[in-house]
Amino acid sequence: MHDQSRYFSIAILCLLVLLQSCRKQPDDAVTPSGKTADQYSADVATKWASLQLKLTRTTPGFTPPVASRAFGYAGLTMYESVVPGISNRKSLVGQLQGLTTLPVPEAGKTYNWALSANAAQAAMLRSLYATTSAANKATIDSLETALLTQFKETDETINQQSISFGQSIAKAVFDYSKSDGGHEGYSRNFPASFVVPSGAGMWQPTENGVKIPMQPYWGSNRTFVKANEALPMPKPLAYSTNTNSPFFKQYLDVYNKSKVLTQTEKEIAVWWADNPGETFTPPGHSYSIALITVTTAKAGLAKAAETFARTGIAVADAFILCWRCKFVYNNLRPYTYVRLAIDPSWVPFWPAPPFPGFPSGHATQSSSAATVLTALYGDNFTFTDNSHVNRARDASRNVEFKARTFTSFAASAQESADSRFYGNIHTAQDNETGLAEGKKIGANINALAWAK
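**Considerations on the environment of Glu415**
Move 1: As for its position among the elements, Glu415 is in helix H14 (residues 409-422).
Move 2: Relative accessible area serves as the criterion here: at 12%, Glu415 is assigned to the buried category.
Move 3: Between the alpha carbons of Glu415 and His362 there is a distance of 9.8 Å; along the sequence they are 53 residues apart.
Move 4: Residues in contact with Glu415, not counting those within four places in the same chain, are Ile268, Trp272, Arg404 and Phe406.

Written out as structure tokens, the structure is:
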């Protein structure tokens, strides 16, 4: 009887050991002593986002389409470098076009997700901004070292495996990026081989003197989200110089507005202009709003990474689809039409950008970004956009750069669109179409399986 009891106890003990050994490792691969990604501050995410905005502003060739792509891949890299440490979120592998595999953490090992994100962002920005200045490259090195010092563990093994994982994610995402059609796009912004279409209602070189439009082939690039690739293309109003036509009225409204601009409308036009070389471009403005949002909400690393991923993908897909539409219709700008059909001596408040008008890139990308940010932070989120408060006054237009406060992301997107009408470089149909298309693009990004 004693032996039977002893054998029974041993059997129970063996069964418990077997059950423990068969227990599935948690999806985030964090051992009980490790921290999940939401337990780290957003410092790594916000400091790298801030540096990327500077790199975009100061690196030659980062036009709005090229910049949008860089924000898309940097945001994706940030998210994938920490998502194994977020208990209720899943990777975008298998959900984005062409993204079939990425490195995964080793089960049972502890990872410091702040160090993983730090290493991933440093490696990715070195790759995306390979042609930036030596000073900027040194700044990347300095930030990587500073954040490593801030977040490193006493256990050097944890540090090294976290860094290695982040670097492996960056390499894999950058390799993935090379096949999308936009790789090193900064080297071919105005391809001399492009033949500018001619004919009634077609885009023409503007007062900028640029003869080749910016990135005419960008619309053929791969979108991140397949559902965005499948969106039907919007169609502009039929061209006409008949003074009773809807088309004529669109441009007449721009002309009439140019005569009665208020000081506030001038401030809005200049605030959202986001000229490349002087600023971090329009998609950078959306990424800046994402940075402001993360800071305002006091989000942790997990939510910050998802915020930058959704925003980056939103502006990247928005620019591809917007540019695709622009170069299908090659719709002329108000600068050309007003001089042709209304007033031969007219000068718009803001110089016309060197690419076709319909639809508005500002409206499309701002709306797409606003849609993903609303999904994360709600319909009624108050924030102050201080993206340009340190810029010198625009003396030629008598405009100061004043911070702007909004009670929703939709309101900021609307003002971004309106700014192009106030600047006299887009018609109402350009803006209304852009806002509508941006909502669809953002909704498709929100519809990805982010949650487990």
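**What to know about the pattern of salt bridges**
Move 1: Taken as a whole and judged by the stated rule, the model has 17 salt bridges.
Move 2: Of the charged contacts in the structure, one is a salt bridge between Asp141 and Arg126, with a shortest N-O distance of 2.8 Å. Within this pair, whereas Asp141 is found in helix H5 (residues 134-151), its partner Arg126 is found in helix H4 (residues 113-128), the two being separated by 15 residues in sequence.
Move 3: Glu437 is the salt-bridge partner of Lys440, the closest N and O atoms lying 2.9 Å from each other. Here Glu437 and Lys440 lie together in helix H15 (residues 428-446), a separation of three residues that amounts to about one turn.
Move 4: Residue class for Lys440 comes out partly exposed when judged on its relative accessible area of 37%.

**As for the environment of Lys152**
Move 1: With respect to the secondary-structure elements, Lys152 resides in the loop between H5 and helix H6 (156-177).
Move 2: Residues Lys152 and Arg333, 181 residues apart in the sequence, show an inter-C-alpha distance of 53 Å.
Move 3: Filtering out sequence-adjacent residues up to four positions away, Lys152 remains in contact with Leu115 and Asn159.

**Looking at the packing of helix H11 (residues 301-329) against H15**
Move 1: Their axes nearest at 9 Å, the elements H11 and H15 cross at an angle of 135 degrees. It follows that H11 is oblique to H15 by the angle criterion. Helix-helix and strand crossings are classified by hand; for H11 and H15 the assignment is right-handed. Along its contact with H11, which presents Arg310, Ile313, Ala314, Asp317, Ala318 and Leu321, the element H15 presents Ile441, Ile445 and Asn446.
Move 2: Taken together, the residues of the contact of H11 with H15 sort by class into six nonpolar, one polar and two charged.

**As for helix H3 (residues 64-80)**
Move 1: Helix length check: H3, at 17 residues, gives a terminal C-alpha distance of 24 Å against a target of 24 Å (1.5 Å per residue), a fit within 8%.
Move 2: The buried count for H3 comes to 17 of 17 residues, which makes it a mostly enclosed element.

Rules of the game
Residues numbered from 1 in each chain as written. Predicted model: local features only at pLDDT ≥ 70, side-chain atom pairs only at ≥ 80, totals over all residues. Heavy atoms only, no water. Helix = DSSP H or I, 4+ residues; strand = E, 2+ residues; numbered from the N terminus. Buried < 20%, exposed > 50% of the residue type's maximum accessible area, 1.4 Å probe, protein only. Contact = heavy atoms within 4.5 Å. Salt bridge = Lys/Arg side-chain N within 4 Å of Asp/Glu carboxyl O. Axes fitted to C-alpha atoms, helices over the stretch in contact; angles between N-to-C directions. Parallel < 35°, antiparallel > 145°, perpendicular 65-115°, else oblique. Left-handed = near helix turned anticlockwise from the far one by under 90°. Nonpolar A, V, L, I, M, F, W, Y, C, P; charged D, E, K, R; others polar. Expected span 1.5 Å × (residues − 1).

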